[in-house]
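# Structure assessment
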Amino acid sequence: MRPHAEEEVSQMTDGRSDSPDGLARLDMSHHLHPFTDNARLAEMGGPRVFDRGAGCWLWDSEGRRYLDALAGLWCVNIGYGRAEMARVAAEQIERLAYYNTFFESTTAPAARLAAKLAEITPDGLDHVMFTNSGSEANDTILRLIRQFWLLEGQPEKTVVIGRQEAYHGSTLASSSVGGIPLMHAQAGLRLEGFVHVEAPHRYANAPTLPEQVYAMQAAIRLERTIKEIGPDRVAAFFAEPIQGAGGAIVPPEGYLSRVQEICRRHDILFVLDEVVSGFGRLGAWTAAEHFGLNPDFMTLAKGLSSGYVPITAAMVGRRVADVLLSRGGDLAHGFTYSGHPLAAAMALTNLDIIERERLVERVRDDIGPYFQDRLRSLSGHPLVGEVRGVGLLAGIELVQDKEKHLFFDPPGIVAAVCRDQMMERGIIVRAVRDILIISPPFVVERDQVDQIVSNLHDVFDLVSQQVGLALEDQRTEAAISGDDRALEGRTALITGASRGIGEAVARRFAEEGADLILVARSAEALRPVAEAVAGRGARVTCVAVDLSDPAAAETLASRIEETGASLDIVVANAGVLGEIRPLATQTDEDMDRVLSVNLTANALLIRTLHRFLNASDGGRVLLVGSGAGTGGFADWAPYGASKAGLDALMRTYAAETRDTSIRVNLVDPGEVRTAMRAAAAPDEDPERLPNPDRITDAFVRLASPVSTISGAVVPVSIRGETSDGGV
Ligand code: PLP
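Residues numbered from 1 in each chain as written. Predicted model: local features only at pLDDT ≥ 70, side-chain atom pairs only at ≥ 80, totals over all residues. Heavy atoms only, no water.

### A closer look at helix 21 (residues 552–563)
- A rise of 1.5 Å per residue sets the reference length of helix 21, with its 12 residues, at 16 Å; its end C-alpha atoms lie 17 Å apart and thus fit the reference within 8%.
- Every buried residue of helix 21 is listed here: Ala552, Ala553, Leu556, Ala557 and Ile560. The buried residues of helix 21 all sit within an arc of 140 degrees when viewed along its axis, so they share a single face.
- With its phi angle positive at about 75 degrees, glycine 564 sits one or two positions after the end of helix 21. (Helix = DSSP H or I, 4+ residues; strand = E, 2+ residues; numbered from the N terminus. Expected span 1.5 Å × (residues − 1). Buried < 20%, exposed > 50% of the residue type's maximum accessible area, 1.4 Å probe, protein only. Arc of directions from axis to C-beta.)

Written as structure tokens, this is what we have:
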């Protein structure tokens, strides 16, 4: 053991690492997590530590409670914390903790469970090989398929067909039959002899085709592939009834029975991977029962023990079992823990609970329909392309444009944001590409379903607003990034133009072709800025006014009229910080001055200049906000209050002008190096922050006649590195 590992373990045992942070750090030092960007996890400070569970609830080590709308990994079907399961486990461990099922041996739980599974699954699936994960069960099936065709004298039948986006596990063989591109890319897969056909994802592949037509087309494509390979070379076809990890892809009606029929016709074994669907998730004991199928193999896992212990099963149909039993001889396959007595005892108890509490019927007749119905109430949301699912399994496909069936590009970001937002609200869901997956335990109550749905609704509202903004911003950016000058022919009035953000925006607007009306208290201070922008070809008018004077706005209006210019853009940027000290100690004079320059003057400015903006074919008002407006800076009280007031002013004016072409937004410049900031924080390293020239992009985008955003707080984005090394 390395020295520091020893120390960590001793910290664990003496309790010091029991703190949530300690456990997360300990974990991240040594634990490589599956399907996780482990470097990113470390950056985030390590994983969330889950500590206990009861019913559908989980608690983390900090005591936060979560509604587990995913049932672990769609496995904890009977819910967490069942005392009966703990009792049976203790009894079995005391009686017989382990014996294997190799070498002519068995245990009572293994024998009983094998019989129980033969009873639960469709007729013909009468034999089982026990395994410890879904992946192992599928590997086992692949082994048995090869042996079967060898025994049948058809050794050339080796090709296995799976489907794109299918998930059958993570071992070399099961991930080869699966169709997850990243898994293949990371391991140089697929192994030889694995072929994939399209997933029957109607919404993605053919949203406008009627379901039955698409079902037929997708099945025909499978048959075409079989014919291309040659049916005498194809050993088996693998399918999840509903593709789970691939995005809750519900097959179009008739597809599964059609592909089963195609398999039969070409003498290809049909494998139904019921790792997720088995034991009631679709409101039937198996999906085979739900869809009326008779597969040659069935993979069972998760719900077999409700995740309490690892145990899974490969069900073997009569055709294969007969051959193996009559001609197979020694079956050279198996695992130390195949049919583990503890796991089998737990599985039997789990199945007993499901039967006794009529949980499958509950999913079929009561909570399943309620769940599907409530989730479908989200279908009308602009972010939601499709809600699909059966029983207690559902997927919500999020889209950029519902009418056009347009997916997000790049994919995977929006659903992940929604998932994280749900997590913030204490509800666990999963994101796959831009699909949210929801599959709660079978004991989920109606009010918990309501809670999931209302939180999803709120999150969709929030995220679609943000996405709308980001997309609009992207579109506007594309429109202004051409060679044309984005503000050619437009006139912009900029307050506080003699320095800082105002000066930077003035220079940039001039480059983009705007004419400028520059406003500041001192004509002297404006002169160099005016000369610089005039040098770039802009027509410039300078107006020296003190904005704390209520008459200033009128003065500006008359100057605009005098020059005969139109006015298209107002950038209200002038500001004073005032005394930095607690609110209770602020003087009346200072409060008045700060509020009048930062807030009242802007309100008067907008009121007075409204008539010019209304005459423009696209008036734009950009108010300059600050983190202080959200209380980000203690002791900046009057300034913060005035910036918060600007936010409210922006929203009100945006609402008032909704039906006009005037667009009003608040630009949040973030942290930049202005003279005001330098005065407020003299100890701050000036090299740490970018200078205002770096933040003018957002101003140009929002000022552009192309932009349609209104009523938004728009953060500036800074491209490249954040410090420009002393420019
Ligand atoms: N098959 C399906 C359909 C699955 O969803 C999974 C896992 O989620 C597996 C196989 C693999 O199971 P395991 O993770 O237990 O290996």
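### A short note on the site of the ligand
- Residues in close proximity to the ligand include Ser133, Gly134, Ser135, Asn138, Tyr167, His168, Gly169, Glu240, Asp273, Val275, Val276 and Lys302, which together make up its full environment.
- Between tyrosine 167 and the ligand, the recorded distance is 3.3 Å, taken from a backbone N or O atom to a nitrogen atom.
- Contact between the ligand and aspartate 273: a nitrogen atom at 2.7 Å from a side-chain N or O atom of the residue.
- For the ligand, whose accessible area on its own is 390 Å², the fraction buried by protein is 83%.
- By residue number, the principal contributor to the shell around the ligand is helix 7 (residues 134–151), which donates three residues.
- Considered class by class, the residues forming the shell around the ligand number three nonpolar, six polar and three charged. (Near = heavy atom within 4 Å. Polar contact = N/O pair within 3.5 Å; in protein donor to acceptor, adjacent residues only side chain to side chain. Areas by Shrake-Rupley, 256 points an atom, 1.4 Å probe, with all protein chains shown as cover. Nonpolar A, V, L, I, M, F, W, Y, C, P; charged D, E, K, R; others polar.)

### Let's talk about the nonpolar core
- By size, the foremost hydrophobic cluster in this structure holds 90 residues, and its most contacted members are Leu117, Phe237, Leu375, Ile396, Leu398, Leu456 and Phe460.
- At nine residues, the largest contribution of residues to this core is made by helix 18 (residues 446–480).
- With residues up to four places along the chain from it excluded, the contact list for leucine 375 reads Val387, Ala394, Ile396, Ile438, Val453 and Leu456.
- Grouped together as the second largest cluster of nonpolar side chains are 36 residues, Ala486, Ala506, Val533 and Ala538 included. (Core = buried A, V, L, I, M, F, W, Y, C linked by side-chain atoms within 4.5 Å. Contact = heavy atoms within 4.5 Å.)

### As for the packing of helix 11 (residues 211–229) against helix 12 (residues 255–265)
- Packing of helix 11 against helix 12 brings their axes to within 9 Å, and their N-to-C directions diverge by 20 degrees. Relative to helix 12, the element helix 11 is oriented roughly parallel. For the element pair helix 11 and helix 12, the recorded crossing hand is right-handed. Residues Ala215, Met216, Ala218, Ala219, Leu222, Glu223 and Ile226 of helix 11 form the contact with helix 12, whose participating residues are Tyr255, Arg258, Val259, Ile262 and Arg265.
- Looking at the contact of helix 11 with helix 12, its residues break down into nine nonpolar, no polar and three charged. (Axes fitted to C-alpha atoms, helices over the stretch in contact; angles between N-to-C directions. Parallel < 35°, antiparallel > 145°, perpendicular 65-115°, else oblique. Left-handed = near helix turned anticlockwise from the far one by under 90°.)

### Digging into the confidence of the model for the chain
- For the chain, the average pLDDT comes to 92, and 96% of its residues sit at 70 or higher.
- For residues 1–16, every residue scores under 50 in pLDDT, and the model assigns this stretch 14 contacts once sequence neighbours within four places are set aside.
- Here residues 719–727 scores under 50 on pLDDT; set against residues more than four positions off or in separate chains, the count is 19 contacts. (pLDDT = per-residue confidence, 0-100.)

### As for the sheet that holds strand 22 (residues 712–715)
- Overall, parallel pairing links the seven strands, which are arranged 18-17-16-19-20-21-22 in an open sheet. Each edge of the open sheet carries a strand with a single partner, namely strand 18 (540–544) and strand 22. Neighbour to neighbour, the strand axes of the sheet diverge by 20 degrees on average, direction disregarded.
- Bridging between strand 16 (residues 491–495) and strand 17 (residues 515–520) involves five bridges; their strand directions are parallel. Within the sheet, the bridge partner assigned to threonine 495 lies in strand 17 and is valine 519.
- Against the sheet, helix 22 (residues 588–615) touches strand 16, strand 19 (569–572) and strand 20 (620–624), its axis set at about 175 degrees to strand 19. (Pairing = 2+ DSSP bridges.)

### Considering the packing of helix 17 (residues 413–424) against helix 18
- Between helix 17 and helix 18, the shortest axis-to-axis distance is 10 Å and the interhelical angle comes to 130 degrees. Comparing their axes, helix 18 and helix 17 come out oblique. Remark: the crossing between helix 17 and helix 18 carries right-handed chirality. In contact with Val414, Val417, Cys418, Gln421 and Met422 of helix 17, helix 18 contributes Ile452, Asn455, Leu456, Val459, Phe460, Leu462, Val463 and Val467.
- Per-class residue counts for the contact of helix 17 with helix 18 are 11 nonpolar, two polar and no charged.

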